[in-house]
Protein chains: 2
Amino acid sequence: MNKNIYFDNAATTFLDDAVYEAMKPYFEGHFGNPSSIYQYCQTAKQGITEAREQVAAGINASAGEIYFTSGGSESDNWAIIGTAFAKRSKGNHLITTKIEHHAVLHTIEYLEKKHGFTATYLDVDQEGLVNPEDLKKALTPETILVSVMLANNEIGTIQPVADLVQITKEYDPKIYFHTDAVQALGTIPLDVQALGVDLLTITAHKAYGPKGVGALYIKKGVVIDNLIHGGGQEKGKRAGTENVAGIVGFGKAAELFTADVVERNLKIKELRDHLINRATAEIEGIVINGSLEHRLPGNSNFSVKRIEGEALILSLDHYGIAASSGSACTSGSLDPSHVLLAIGLDHGTAHGSLRVSLGKDNTKEEIDFFIDKLILIAQKLRAISPL
Amino acid sequence: MNKNIYFDNAATTFLDDAVYEAMKPYFEGHFGNPSSIYQYCQTAKQGITEAREQVAAGINASAGEIYFTSGGSESDNWAIIGTAFAKRSKGNHLITTKIEHHAVLHTIEYLEKKHGFTATYLDVDQEGLVNPEDLKKALTPETILVSVMLANNEIGTIQPVADLVQITKEYDPKIYFHTDAVQALGTIPLDVQALGVDLLTITAHKAYGPKGVGALYIKKGVVIDNLIHGGGQEKGKRAGTENVAGIVGFGKAAELFTADVVERNLKIKELRDHLINRATAEIEGIVINGSLEHRLPGNSNFSVKRIEGEALILSLDHYGIAASSGSACTSGSLDPSHVLLAIGLDHGTAHGSLRVSLGKDNTKEEIDFFIDKLILIAQKLRAISPL
């Protein structure tokens, strides 16, 4: 029996029907360039204005603090490179963690390699949590930016960002704090005021919006260099004709999750807990990675002993089940996950990992079907395993 | 009588129905993340592969030389910043022209102001053409990049890019040559081999494709720094989950113009010539800006003496006619066009300019309606003008 079961919501979610409906007029009649002054284009401009308010409401920001981008990677790059080049005269030291998304890690590595910046990569414990004391020790008079993700894309660990911000600001309020909240958006309530961050990255396609559109929250008063220079769009901070339909879709997606983020994810969390409980009880040699307490509601991540992650994914695929061995952005790579290594897994165990990330339309039946098949697959793969 | 006449195709074109149809499946079932390995996502990956071939065919490149971005501004920034940082050890001098799009000009100004680069901004003649001798004189042993647009977005002037490339490469083959071909794509045949450029910027939404997706052609062997670091997408050169539907749409748009770019634009050029002929014959004090010979088929740009451009646009808008006073990206600005100043217009005349850019669905009837109204508007505005 071959089902279509989608368990890779951390890689991308499907496009919500209501979001798609909201986008359609902007592919049809409302195609005007929002920068133009004639009536024809005012609808496009209004669509963007409304979306900016919807996205702002979704993270408790004001509309003037939302800058639309092409997605999470651009927002991360902008926050980090923009801060680095804007604050170079103050210092050249950046702090992040070993389990960030590559859009953060590779950007900081680039700044080190090519532009003379230095960086500290904080360790995490076996649950994936940063120790606030480690941040305290890492701060120097040269530090200009701290970038710690709100929730990890592989193991779902939610960092104590508000505490980390407080430590940073107590040391020096001029240090900017950035958080990659891509995985958190729509899955836990997000409040930039409560977090106290200066910069926050979000993207639409992890929250039932379209691919190719994201945003950077830039707190009022925070000044960073532009990443994409040119026309006057986004108040002169991000050039380029706006992806109007995409932005409108992002706004609609934000409106939807703002209304039911708690309820939606309570249901998802119950399903996830059922999945974890059955998996750990019924499959020998399976271990859950990450924190059970500080964890995104939809995320589960397992190591299955003596089984290769890729073989697992392909076997599940055979039953029509889509899951992931690591993050989508690195799944072409043969290297074990840097996140799993950072929480202390050895190379072999890290290779045997499985990420099952649930979304709002998944059901208990799907999870039970999955577990039943996983039991069979584990038996079969172990029977032929040389390990 | 109020018509809906769209004469601002240089700002953005409408989305072709066939392009929209090609995109739809990727908003519906094929929502997977193309980086994932399960079957669910292979359709998304195949869509991107096919689009890359279609876009490559549209400019006579090979598919491996096409890197998808979020649009023209990102591609311009990437080409320029990526070259500057990659070739810094060779030199710090950039050459461009005074009539480039702001995505080029502001990027180079930023590199001058913040990163220690120097730049030469070449003059243009009254038709908007660069004098190849001026480029010859501007090249220095420190020069690492020449960026000259293929066709201007305001006055439609087509530069002798192949000649300029030859001059550059004769001086030093290691100097990279970039051209912004955003306005040229789909309006004149484009051939990166014939042009000889190393880097070429294109975007979908000026060629009946969607907004929010563009590409940078990077000639095989050309090495520039990344602008957006992170995941392994676009062969590790441009991170970020792909805007799959947008990319597929760009591919379809490319397929369409590749088939009929000559025929399509022959018709557009005839209409444009009719427009220019009637306007200059029937309206007193109207002057065409730019070159009649080296000009994009759909572009016309007029100065109308003793009339403010904005007043003209709003009066046309009253009749349902969408035209532009400058480029869309600067139409919020009160400064006169830097392009019109560069071709020698005084501030007052530059303020009275009108860009009428035709697309593939415009008709002779629309043009005649427009000219009739323009005659009335000119009379009326002059009657109340203090000038």
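Conventions and cut-offs
- Residues numbered from 1 in each chain as written.
- Chains lettered and ligands numbered in written order.
- Predicted model: local features only at pLDDT ≥ 70, side-chain atom pairs only at ≥ 80, totals over all residues.
- Heavy atoms only, no water.
- Helix = DSSP H or I, 4+ residues; strand = E, 2+ residues; numbered from the N terminus.
- Rg over C-alpha atoms; globule rule 2.2 N^0.38 Å.
- Buried < 20%, exposed > 50% of the residue type's maximum accessible area, 1.4 Å probe, protein only.
- Areas by Shrake-Rupley, 256 points an atom, 1.4 Å probe, with all protein chains shown as cover.
- Lys, Arg positive; Asp, Glu negative; His and termini not counted.
- Charge placed at Lys NZ, Arg CZ, Asp CG, Glu CD.
- Domains from an automatic or database assignment.
- Buried area = accessible area lost by both parts, 1.4 Å probe.
- Salt bridge = Lys/Arg side-chain N within 4 Å of Asp/Glu carboxyl O.
- Pairing = 2+ DSSP bridges.
- Axes fitted to C-alpha atoms, helices over the stretch in contact; angles between N-to-C directions.
- Contact = heavy atoms within 4.5 Å.
- pLDDT = per-residue confidence, 0-100.
- Expected span 1.5 Å × (residues − 1).
- Right-handed = clockwise from strand over helix to strand, strands pointing away.
- 1 Å grid on protein atoms, 1.4 Å probe; cavity = no way out; pocket = protein on both sides within 12 Å on 5 of 7 lines; lining within 4 Å.
- Points joined across faces, edges and corners; volume = space filled by probe spheres on them.
- Polar contact = N/O pair within 3.5 Å; in protein donor to acceptor, adjacent residues only side chain to side chain.
- Parallel < 35°, antiparallel > 145°, perpendicular 65-115°, else oblique.
- Left-handed = near helix turned anticlockwise from the far one by under 90°.

Caption draft 1: Highlighting the overall build of chain A. When you go through chain A residue by residue, the secondary structure sums to 13 helices and 12 strands. In terms of C-alpha radius of gyration, chain A reaches 21 Å, essentially the compact-globule figure of 21 Å for 387 residues. Each of the three principal axes of chain A carries a C-alpha extent, and together these read 65 × 55 × 35 Å. A total of 387 residues make up chain A; the buried ones form 64% of that total. Surface exposure of chain A reaches about 13,600 Å², of which carbon and sulfur atoms provide 52%. For chain A, the distance from the average site of its 36 positive side-chain charges to the average site of its 47 negative ones is 2 Å.

Caption draft 2: Region of interest: the domain arrangement of chain A. All names here are of chain A. Structurally, chain A comprises domain 1 (5-13 + 262-384) and domain 2 (17-258). For domain 1 and domain 2, the distance between their C-alpha centroids amounts to 27 Å. At the boundary of domain 1 with domain 2, total buried surface from both sides reaches about 2,600 Å², with 53% on carbon and sulfur atoms. Looking only at domain 1, the three residues that lose the most surface to domain 2 are T13, L296 and H338, adding up to 23% of its buried area. Where domain 1 touches domain 2, the interface holds 0 salt bridges.

Caption draft 3: Up close: the sheet that holds strand β6 (residues 176-180) of chain A. Residue and element names in this part refer to chain A. Taken in spatial order, the 7 strands of this open sheet run β2-β8-β7-β6-β5-β3-β4, and their pairing is mixed. Of all strands in the sheet, those with a lone pairing partner are β2 (66-69) and β4 (118-122), marking the two edges. Here the strands of the sheet are splayed against their neighbours by 20 degrees on average, with no regard to which way each runs. For β2 and strand β8 (residues 214-218), the ladder comprises 4 bridges, and the chain directions are antiparallel. Bridge pairing in β8 places I66 opposite Y217. Across the sheet, helix α4 (residues 102-115) lies against β3 (93-97), β4, β5 (143-147) and β6, angled at about 150 degrees from β4, the strand it touches most.

Caption draft 4: Broad picture of the confidence of the model for chain A. Looking at chain A, pLDDT values average 94 and 96% of them are 70 or higher. Model confidence for the complex: the whole-complex pTM is 0.96, and ipTM, which rates the interface, is 0.96.

Caption draft 5: Layout of the sheet that holds strand β5 (residues 143-147) of chain B. Residues and elements named next belong to chain B. Across the sheet, 7 strands lie side by side as β2-β8-β7-β6-β5-β3-β4; this open sheet has mixed pairing. This sheet does not close on itself; its edge strands, each paired only once, are β2 (66-69) and β4 (118-122). Averaged over neighbouring strand pairs, the angle between their axes works out to 20 degrees when direction is ignored. Looking at chain direction, β5 and strand β6 (residues 176-180) are connected through 3 bridges and run parallel. What sits directly across from L145, in β6, is Y176. Along the sheet, helix α3 (residues 72-86) makes contact with β2, β5, β6, β7 (199-203) and β8 (214-218), crossing β7 at roughly 160 degrees. The sheet strands contacting helix α6 (residues 161-171) are β5 and β6, and the helix crosses β6 at an angle near 165 degrees.

Caption draft 6: Structural detail: α3 of chain B. Between its terminal C-alpha atoms α3 of chain B stretches 21 Å, which fits the 21 Å expected from 15 residues at 1.5 Å a residue. Counting buried positions along α3 of chain B gives 14 out of 15 residues, so the element sits mostly inside the fold.

Caption draft 7: Focus on the pairing of β4 of chain A. Residues and elements named next belong to chain A. As judged from the 5 bridges shared by β3 and β4, these two strands associate in the parallel manner. Residue pairing in the sheet places H93 in a bridge with T118 of β4. This β-α-β element, β3 to α4 to β4, shows right-handed connectivity.

Caption draft 8: Molecular detail of empty space enclosed by the protein. Evaluation of the coordinates by the stated rule reveals 12 cavities of 30 Å³ or more. Looking at the largest cavity, its volume works out to about 400 Å³. Residue lining of the largest cavity: 38 residues in total, with G240 and T241 of chain A together with G72, S73 and H205 of chain B positioned closest to the centre. Among the elements of the structure, β2 of chain A together with α3 of chain B are those that each provide at least two residues to the lining of the largest cavity. No other element matches α3 of chain B, which puts 4 residues into the lining of the largest cavity.

Caption draft 9: Representation of unusual backbone geometry within the structure. One non-glycine residue, Y208 of chain A, lies in the positive phi region at around 70 degrees. In this fold, Y208 of chain A is placed in the loop between β7 (199-203) and β8.

Caption draft 10: Geometry of the side chain of S357 of chain B. Residues and elements named next belong to chain B. Relative to the helices and strands, S357 is located in strand β12 (residues 353-357). Judged by its relative accessible area of 3%, S357 falls in the buried class. When sequence neighbours within four positions are dropped, the list of residues in contact with S357 reads F7, D8, N9, A10, G298 and N362.

Caption draft 11: Main features of the pattern of salt bridges. According to the stated counting rule, one finds 42 salt bridges over all chains in the structure shown. The shortest N-O distance in the salt bridge between R355 of chain A and D8 of chain A comes to 3.2 Å. Here D8 of chain A lies in the loop between β1 (5-6) and α1 (17-27) and R355 of chain A lies in strand β12 (residues 353-357), a separation of 347 residues in the sequence. Take R355 of chain A: its relative accessible area is 1%, and that puts it in the buried class. With a relative accessible area of 0%, D8 of chain A lands in the buried category. K169 of chain B is the salt-bridge partner of D198 of chain B, the closest N and O atoms lying 2.7 Å from each other. Here the residue D198 of chain B occupies a position in the loop between α7 (192-195) and β7, and K169 of chain B occupies one in helix α6, the gap between them amounting to 29 residues. Neither D198 of chain B nor K169 of chain B differs from the other in exposure class; each is buried. The network of salt bridges with shared partners includes R278, E282, K364, D368 and D372 of chain A.

Caption draft 12: How the structure looks around the interface of chain B and chain A. Taken together, the contact between chain B and chain A spans 64 residues of the former and 64 residues of the latter. Together chain B and chain A conceal approximately 5,300 Å² of surface at their shared face, both sides included; 60% is due to carbon and sulfur atoms. When residues of chain B are sorted by the area they lose upon contact with chain A, F31, Y38 and H229 of chain B head the list and together hold 13% of the total. The salt bridge partner of K114 of chain A is D225 of chain B, with a shortest N-O separation of 3.0 Å. Linking chain B with chain A are 22 residue pairs in polar contact (both at pLDDT 80 or more), by the criterion used here. Contributing elements (two or more residues each) for the side of chain B that touches chain A: α1 (17-27), α3, α4 (102-115) and α10 (309-318) of chain B.

Caption draft 13: Molecular detail of the environment of V248 of chain B. Residues and elements named next belong to chain B. Structurally, V248 is set in helix α9 (residues 244-282). Accessibility expressed as a relative area gives 9% for V248, which makes it buried. The sequence separation of V248 and V213 amounts to 35 residues, and the corresponding C-alpha distance is 9.7 Å. V248 has contacts with A22, Y26, G47 and A51, leaving out every residue within four places of it along the chain.

Caption draft 14: Here's a closer look at the packing of α1 of chain A against helix α9 (residues 244-282) of chain A. All names here are of chain A. Relative to each other, α1 and α9 sit at 155 degrees, their axes nearing to 8 Å. Of the possible angle classes, the one that applies to α1 and α9 is roughly antiparallel. For the pair α1 and α9, the sense of crossing is right-handed. Residue-level contacts link A18, V19, A22, M23, Y26 and F27 of α1 to V244, A245, G246, V248, G249, K252, A253 and L256 of α9.

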